[in-house]
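Commentary on secondary and tertiary structure
The residues making up each chain are set out below.
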Amino acid sequence: YQPIRKSDNKEEEMQKWFSETLTEKLKNLEVLFSGEDGHAIGKKISLADVTIYSFLTDFFDDKDGSKKADENCPKIQKIVSNLSENEKMKAWVESRPKTGF
């Protein structure tokens, strides 16, 4: 992803990254989850859930592209949804330090 951000054909390559590459990677990741009720593992929020949430909601410049990439990944969508609705996560997102990361 990072080399694409600096590419001469950035727009075209970004489109491909979000519509093909990330989509495929998320599908491959999703099959590894054994959790229940919108959790990557187990039955409660874990670091895996927080990492997936942060990756898809914070990491990418193109938030819409990131959201579209998980359209065929119901487990991932549920994880992101669970954390988006979690009161503690909401409070952290609102109060966390503003950094470049």
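Residues numbered from 1 in each chain as written. Predicted model: local features only at pLDDT ≥ 70, side-chain atom pairs only at ≥ 80, totals over all residues. Heavy atoms only, no water.

1. Some thoughts on the packing of aromatic side chains
Given two aromatic rings, one states the distance between the centres and the angle between the planes to describe the pair. Summed over all chains, the structure comprises eight aromatic pairs. Consider the rings of Tyr1 and Trp17, whose centres lie 5.8 Å apart with planes at 45°: the pair is tilted. Here the residue Tyr1 occupies a position in the segment before helix H1 (2-5), and Trp17 occupies one in helix H2 (residues 10-30), the gap between them amounting to 16 residues. Residue classification places Trp17 among the buried residues on the basis of a relative accessible area of 11%. When the ring of Phe55 is compared with that of Phe59, the centres are 5.5 Å apart and the planes differ by 25°; the resulting orientation is stacked. Of this pair, Phe55 and Phe59 both sit in helix H3 (residues 47-59), four residues apart, which is roughly one turn of that helix. On the basis of relative accessible area, Phe55 is assigned to the partly exposed category, the value being 33%. You can call Phe59 partly exposed: its relative accessible area is 41%. (Phe/Tyr/Trp six-rings, centres within 6.5 Å; stacked < 30°, edge-to-face > 60°. Helix = DSSP H or I, 4+ residues; strand = E, 2+ residues; numbered from the N terminus. Buried < 20%, exposed > 50% of the residue type's maximum accessible area, 1.4 Å probe, protein only.)

2. Brief notes about the confidence of the model for the chain
Looking at the chain, pLDDT values average 91 and 98% of them are 70 or higher. Mean pLDDT across the elements of the chain ranges from a minimum in H1, with 84, to a maximum in helix H5 (residues 74-85), with 95. (pLDDT = per-residue confidence, 0-100.)

3. Thoughts on the environment of Met14
Along the chain, Met14 turns up in helix H2. A sequence separation of 13 residues divides Met14 from Tyr1, and the C-alpha atoms of the two residues are 8.1 Å apart. Apart from residues lying up to four places away in sequence, Met14 is in contact with Tyr1, Ile4 and Arg5. (Contact = heavy atoms within 4.5 Å.)

4. Describing unusual backbone geometry
In the Ramachandran plot, Asp37 falls in the positive-phi region, its phi being about 55° despite a non-glycine side chain. Position of Asp37 among the secondary structure elements: in the loop between H2 and H3. The exposure class assigned to Asp37 is exposed, which follows from its relative accessible area of 62%.

5. A few points about the packing of H3 against H5
When two helices pack together, their arrangement is captured by the angle between the axes and the distance separating the axes. The N-to-C vectors of H3 and H5 enclose an angle of 90°; their axes lie 9 Å apart at closest approach. By the angle between their directions, the pair H3 and H5 is classed as roughly perpendicular. Contact residues: Asp49, Val50, Ile52, Tyr53, Leu56 and Thr57 in H3; Ile76, Ile79, Val80, Leu83 and Ser84 in H5. When grouped by side-chain class, the residues that make up the contact of H3 with H5 number eight nonpolar, two polar and one charged. (Axes fitted to C-alpha atoms, helices over the stretch in contact; angles between N-to-C directions. Parallel < 35°, antiparallel > 145°, perpendicular 65-115°, else oblique. Nonpolar A, V, L, I, M, F, W, Y, C, P; charged D, E, K, R; others polar.)

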